[in-house]
Amino acid sequence: MIEKDFLIIGSGIAGLTFALKASQFGSVAIITKDELDESATLYAQGGIASVMTDDDSFELHANDTLEAGRGLCREDVVRIICKEGPSCVRELIELGVQFTRIRGKDYHLSREGGHSKDRILHANDLTGREIERTMIEAINSRENTEIFPHHMLIDFITLSRLDAKVAPGSSQDEALGAYILDVKTNRVKTFVGKTTLLASGGAGKVYLYTSNPDTATGDGIAAAYRAGARISNMEFVQFHPTCLYHPQAKSFLISETVRGEGGILRLKNGSTFMENYHSLGCLAPRDIVARAIDHEMKKSGDDCVYLDTTHIEGYHTRERFPNIYQTCLGFGFDMAREPIPVVPAAHYTCGGVAVDLNGQTNIRRLFASGEVCYSGLHGANRLASNSLLEGLVLSHRAVAKAASLLKSDDFSKHITRDIPEWDSGSAVDSDESVVVSHNWDEIRRLMWNYVGIVRSDKRLYRAERRIQLLLDEIKEYYWNFTITKNTLELRNIALTAQLIIMGALERKESRGLHFTLDHPHTDDQNWKKDTVLQDTTRRLITKTSHGTTLHE
Ligand code: SIN
């Protein structure tokens, strides 16, 4: 049993910000599924939105965020995050993050869709890599921080799972730790923490085509749901309009800042089309651009549209977007000479574990920050480059709250309760791994086809039936065989897919990222509110001769 003051699950900007600050107050464990730097943050190209100049203001940034969120943002959250953003960004700079400057002086600020000002700080097109590099360097010098790479969250240990008198997700419930799979040895470890931050990222891998890294399998959302946490607005999945269309490119992201620097979307015949959809043309909010591309592709039958940067000076493209330029070149496309083929792909999970302004979930001692959470910043559609900002500010606020919990003296009595160590009991190794790969493919394909950019009741009901069958099969498999990273991920993408479908079926309107042919209008009277999903099924952890059981 590993005991710490702070357990942190995930190592992107949200997890590392929390870790750096929490280590001033107590012992820290960072639990992360892959290498320490592997996270969606690592691949962030565009940058971090923050008010940095006198001709910009918090009011303008907040208004752009609210406009993109289509009436569902929490206004207090939006204002606080926009306002506290610059000081948190300055801390990043003090830590050593090198954002791109113009001739070594002022910061170069980019523009992305939906922003009324240039306010995106970036490190060329490798912003996330620069942030991870700097934060990890700082983390490595913290003595009271232990890092557990290749360790994966299975489920939370909560009070309601040990004590039948406490209702899951109720105000008496609290997080006490987590069962964690050591992926390399396939052994399960028991972690106990006085507070836990969930910062495990989103769920793009639920879809067949995604810009997300392989780690984005909704692990945190699924585990939090199973523990009784409230999950909000899962129907809002953001599709990035421009990912490279090439069979080997794995939906490589072409940053929106490429359009911010003048890139133009064209059809195969060279004609432009975004002016027919929005006055901001190619820099319209993302939901509109992605839907326009989807519509044009369906109309023409083409497999992709094109992003044209040939009119921008070649030198500029190569210097400003070295990573994108070189990656495209590797796939045989010279951006400076020819338009590149692009398609939309799942990019960001706007919904997630519901939290307050301090990242606190409805389960005491359990916090969430970054893509895994729903704070109310993004509403029905996230404004570009607001996500790194959210992870940064929310984790900063969450540490203060979590540190105050350390002082309360009521944790020890829970620790002394008998938290059982995990024991696999009679489970055996599977000889049918094909079940995992088959179901994995089926889920991602069905989500792409039935729960994608444009939805309908019929497609959603079809998806609902299929996912239930798959979940039943996966449950049986999960309990009979020794768990592995693959089975855990499959179980999580299946549940996260179900939550997206449930949210989409509940919302009988179209708003922001959720567009359905059967309810094509926005219905403010009935639907200017969040969808909230909560599972309060009692799941007790018990020890039997068959091992440790977390009842389903
Ligand atoms: C991009 O660079 O286009 C992605 C930025 C974001 O998703 O916020």
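Residues numbered from 1 in each chain as written. Predicted model: local features only at pLDDT ≥ 70, side-chain atom pairs only at ≥ 80, totals over all residues. Heavy atoms only, no water.

Draft legend 1. Fine view of the overall build of the protein. Counting its regular elements, the protein contains 16 helices and 20 strands. In terms of overall dimensions, the protein is globule-like: its C-alpha atoms have a radius of gyration of 23 Å, near the 24 Å expected for 552 residues. Projected onto its principal axes, the C-alpha coordinates of the protein cover approximately 70 × 50 × 50 Å. For the protein, the proportion of contacts with a sequence separation of at least 24, taken over those separated by at least 6, is 74%. Where the 64 positive side-chain charges of the protein centre and where its 74 negative ones centre are 2 Å apart. (Helix = DSSP H or I, 4+ residues; strand = E, 2+ residues; numbered from the N terminus. Rg over C-alpha atoms; globule rule 2.2 N^0.38 Å. Contact = heavy atoms within 4.5 Å. Lys, Arg positive; Asp, Glu negative; His and termini not counted. Charge placed at Lys NZ, Arg CZ, Asp CG, Glu CD.)

Draft legend 2. Representation of the environment of histidine 295 within the structure. When you line up the elements, histidine 295 lands in helix α8 (residues 286-300). Overall, the relative accessible area of 43% leaves histidine 295 in the partly exposed class. Sequence separation of histidine 295 and isoleucine 453 is 158 residues, and the distance between their C-alpha atoms is 9.7 Å. (Buried < 20%, exposed > 50% of the residue type's maximum accessible area, 1.4 Å probe, protein only.)

Draft legend 3. Layout of the sheet that holds strand β17 (residues 373-374). If you trace the 4 strands from one edge of the open sheet to the other, you get β17-β15-β10-β18, paired in mixed fashion. Looking at strand neighbours, the two that pair on one side only are β17 and β18 (532-533), the edges of this open sheet. In this structure, strand β15 (residues 352-354) lies alongside β17, joined through 2 bridges in parallel fashion. Opposite valine 353, over in β17, you have cysteine 373 as the bridge partner. Seen against the sheet, helix α6 (residues 219-226) touches β10 (231-232), β15 and β18 and runs at an angle of roughly 45° to β15. (Pairing = 2+ DSSP bridges. Axes fitted to C-alpha atoms, helices over the stretch in contact; angles between N-to-C directions.)

Draft legend 4. The arrangement of the environment of aspartate 356 in detail. Position of aspartate 356 among the secondary structure elements: in the loop between β15 and β16 (366-368). Residue classification places aspartate 356 among the partly exposed residues on the basis of a relative accessible area of 29%. Separated by 200 residues in sequence, aspartate 356 and phenylalanine 156 place their C-alpha atoms 20 Å apart. Not counting residues up to four positions away in its chain, the partners in contact with aspartate 356 are Arg74 and Leu394. A distance of 2.8 Å separates a polar atom in the side chain of aspartate 356 from the backbone nitrogen of asparagine 358. Polar side-chain contacts of aspartate 356 include one of 3.0 Å to the backbone nitrogen of glutamine 360. (Polar contact = N/O pair within 3.5 Å; in protein donor to acceptor, adjacent residues only side chain to side chain.)

Draft legend 5. Structural context of the sheet that holds strand β5 (residues 120-121). Read from one edge to the other, the open sheet built from 3 strands follows the order β3-β5-β4, with strand pairing classed as antiparallel. Both edges of this open sheet fall to β3 (48-49) and β4 (109-110), since each of them pairs with a single strand only. Pairing of β4 with β5 involves 2 bridges; the strand directions are antiparallel. Counted as the bridge partner of serine 110 is isoleucine 120 from β5.

Draft legend 6. Layout of the packing of helix α13 (residues 434-450) against helix α14 (residues 457-480). Look at α13 against α14: their axes get within 10 Å of each other, and the N-to-C directions meet at 165°. With respect to their mutual orientation, α13 and α14 come out roughly antiparallel. Of the two possible hands of crossing, α13 and α14 adopt the one that is left-handed. Facing α13, whose interface residues are Val435, Val436, Asn439, Glu442, Ile443, Leu446, Asn449 and Tyr450, α14 presents Arg459, Leu460, Arg462, Ala463, Arg466, Ile467, Leu470, Glu473, Ile474 and Tyr477. (Parallel < 35°, antiparallel > 145°, perpendicular 65-115°, else oblique. Left-handed = near helix turned anticlockwise from the far one by under 90°.)

Draft legend 7. View of the site of the ligand. Neighbouring residues of the ligand: Gln45, Gly46, Glu112, His240, Leu253, Ser255, Glu256, Arg286, His347, Arg382, Ala384 and Ser385. Contact between the ligand and histidine 240: an oxygen atom at 2.7 Å from a side-chain N or O atom of the residue. Alone, the ligand offers 260 Å² of accessible surface; in the complex the protein occludes 94% of this. Residue classes in the shell around the ligand are distributed as 2 nonpolar, 6 polar and 4 charged. (Near = heavy atom within 4 Å. Areas by Shrake-Rupley, 256 points an atom, 1.4 Å probe, with all protein chains shown as cover. Nonpolar A, V, L, I, M, F, W, Y, C, P; charged D, E, K, R; others polar.)

Draft legend 8. Expanded view of the pattern of salt bridges. Taken as a whole and judged by the stated rule, the model has 39 salt bridges. Overlapping salt bridges, with partners in common, bring together Glu235, Arg507, Glu509, Arg511 and Asp524 in one network. (Salt bridge = Lys/Arg side-chain N within 4 Å of Asp/Glu carboxyl O.)

Draft legend 9. Structural context of the pairing of strand β2 (residues 28-31). Burial along β2 is two-sided: the face carrying Val28 and Ile30 and the face carrying Ala29 and Ile31 are both buried. When strand β1 (residues 2-9) meets β2, the two strands line up parallel, connected through 4 bridges. Each residue of the ladder has a partner; that of isoleucine 8, found in β2, is isoleucine 30. Each parallel crossover has a hand, and the one from β1 via helix α1 (residues 13-22) to β2 is right-handed. Note that β2 and strand β6 (residues 145-148) share 4 bridges and pair parallel. Paired with isoleucine 31 across the two strands is phenylalanine 148, which belongs to β6. (Right-handed = clockwise from strand over helix to strand, strands pointing away.)

The values are spatial; any link to function lies outside them.
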